[in-house]
Amino acid sequence: MTQPPNGSPESIEPPMGLLAELTHRCPLQCPYCSNPLELVRRERELETADWSRVFAEAAELGVLQLHLSGGEPALRPDLETLVARAAAVGLYTNLITSAVGLDADRLARLRDAGLHHVQISFQDVTPEGVELIGRAPGALSKKIALARAAVELGLPWTLNAVLHRHNLDRVERFLELALELGAHRIELANVQYYGWGFVNRAALMPTRAQLDRFRAVLERAVRELRGRLAIDYVIPDYYARYPKPCMSGWGRSVMVVAPDGTVMPCHAAWVIPGLTFPRVQEQPLRAIWYESAAFNAFRGTGWMREPCRSCPRREEDFGGCRCQAAMLLGDAAATDPACALSPHHEAMVQLAERESTAPPPPFTYRRMGARTTLRQRELAAAGA
Amino acid sequence: MSLLGPADVVRLPSWVVLRFDPVRRRHVLLAPERVLFPCPTTVTILQRLGEGRRLADLAAELAREFDAPAGEILEDVIALLEELACGCLLEVRRCGHDAAAERVA
């Protein structure tokens, strides 16, 4: 296979995954949503034909897995058509849904259209807990109903548990629920502090003691449930020693298409100042992946400074997360402060310890038109 | 302790897709939130799973074809499939009352 040159010393592999944020509209208002603070309105969303072309271009480029996300993707009336188009070009198709507004009949139609897997978010394991986060009354029963429908239809489903200080102590119950409802897989994802999660960090950050207990439960579950339930997990990196290999490296494996067609290497990349992200209406996906300045900005290791540049882990974690470095340090090319080798690491840990042990402030819920950009800037300025 | 034994009949669920990827020019195995790149030997095994054959029968068939000891082939087959079984990516049907006794360590 020949690949266009781009001036980067590393050879560029084709992308494996495409995250399609079909809409930012959502019936839930989760305060940790990873969507940007400036949400895309319905009138700016890509049309069916645009998405269909994007899926075809993605498959041709080498994308194997398509993640249909949002917002709530079920709010798109053309979801069945989009799944069918994705299946027709050979993409393995995952639907990431809150289950609110998606019933068994529609799930059956999606399966018939070629859907391979559904991921259902569980904000908590009790009706009150789910409502505290999502603010949609009765949501838990809808999630349980959709999970049962998936099993009935022979569709594998993932229980997606987003964990934070208010529900982390119920991790065993999340695991039990996944087993009771016949999940194929569970994702125990501690909140990542981007988008609305960054705004609400102090209200969400677990204590170190909570996290230690979580690790012990996780270790036992991975051992005991081997072969019965696939378990994936995300640890909050404010307490980490090494940073996460964010998106498996910038522009290395995944591309994200926002509802208005903006293409980014990561769903949080909009926080990095100075980058212009191309749109699918303007350029083919192939050119965006291989040639755009935004995708080449932090590719490989050539952009790194010390301590990343000479670090033996530089091709394991790629210096961590560029967005986190930009948000917390105002410098996207700095070492992610989640790394113990960053001079700012200790301040980040102290920030997490301070916020997690103080009484939680009220949530700023995710809503269209909420004017919280200023608040985010204030938090960034007061950060590590 | 292995999750698989010689008497097990194993197959890929309908939602685990093994296909040739023309871009990378190799087979890929696609599952929920997983992309695996099986080696050619694993591809051969995956393509022959199911059809009511026990893993021991499959190993015997491969041993005849490749003129290799069936015991060693069986160990290799089970080792290669173990990762998929751990990740819940195989449907496993236990066959015969001696399934547990025949299980490899």
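Cut-offs and rules
- Residues numbered from 1 in each chain as written.
- Chains lettered and ligands numbered in written order.
- Predicted model: local features only at pLDDT ≥ 70, side-chain atom pairs only at ≥ 80, totals over all residues.
- Heavy atoms only, no water.
- Pairing = 2+ DSSP bridges.
- Helix = DSSP H or I, 4+ residues; strand = E, 2+ residues; numbered from the N terminus.
- Axes fitted to C-alpha atoms, helices over the stretch in contact; angles between N-to-C directions.
- Phe/Tyr/Trp six-rings, centres within 6.5 Å; stacked < 30°, edge-to-face > 60°.
- Buried < 20%, exposed > 50% of the residue type's maximum accessible area, 1.4 Å probe, protein only.
- Lys NZ or Arg CZ within 6 Å of the ring centre and 35° of its normal.

**Q** Give a detailed account of the sheet that holds strand S5 (residues 157-163) of chain A, specifying residues and quantitative values.
**A** For sheets, the rule is that strands pair by backbone hydrogen bonds, running either parallel or antiparallel. All names here are of chain A. In space, the nine strands of this open sheet follow the order S7-S6-S5-S4-S3-S2-S1-S8-S9, with mixed pairing throughout. Edge positions in the sheet fall to strand S7 (230-234) and strand S9 (263-264), since each has one partner strand and no second. One ladder, built from four bridges, connects strand S3 (residues 92-97) with strand S4 (residues 117-122); its direction is parallel. Residue pairing in the sheet places Leu 95 in a bridge with Val 118 of S4.

**Q** Tell me about the sheet that holds strand S4 (residues 34-36) of chain B, and please be specific about residues and values.
**A** All names here are of chain B. One open sheet accounts for three strands, arranged S2-S3-S4; its pairing is antiparallel. Bordering the open sheet on either side are strand S2 (17-21) and S4, each of which pairs with just one other strand. Strand-to-strand twist across the sheet, computed as the mean angle between neighbouring axes with direction ignored, equals 30°.

**Q** Now, about the packing of aromatic side chains: what can you tell me, with residues and values included?
**A** Residues and elements named next belong to chain A. Scanning all chains against the criterion turns up seven aromatic pairs over all chains. Considering the side-chain rings of Trp 289 and Phe 295, the 5.6 Å spacing of their centres and the 55° angle between planes classify their relative orientation as tilted. Of the residues examined, Phe 295 reaches a relative accessible area of 0% and is grouped as buried. Here the aromatic rings of Phe 298 and Trp 303 are separated by 5.5 Å at their centres, their planes lie at 85°, and the arrangement is edge-to-face. In this structure, Phe 298 and Trp 303 share a single accessibility class: buried. In textbook terms, an aromatic cluster arises when at least three aromatic residues are bridged by ring pairs, as seen for Trp 250, Phe 298 and Trp 303. Here the guanidinium or amino end of Arg 135 rests over the ring plane of Tyr 365, the centre of that ring lying 3.9 Å away. Over the ring of Tyr 242 we find Arg 313; its NZ or CZ atom is 3.8 Å from the centre of that ring.

Honestly, it's all geometry; don't read function into it.
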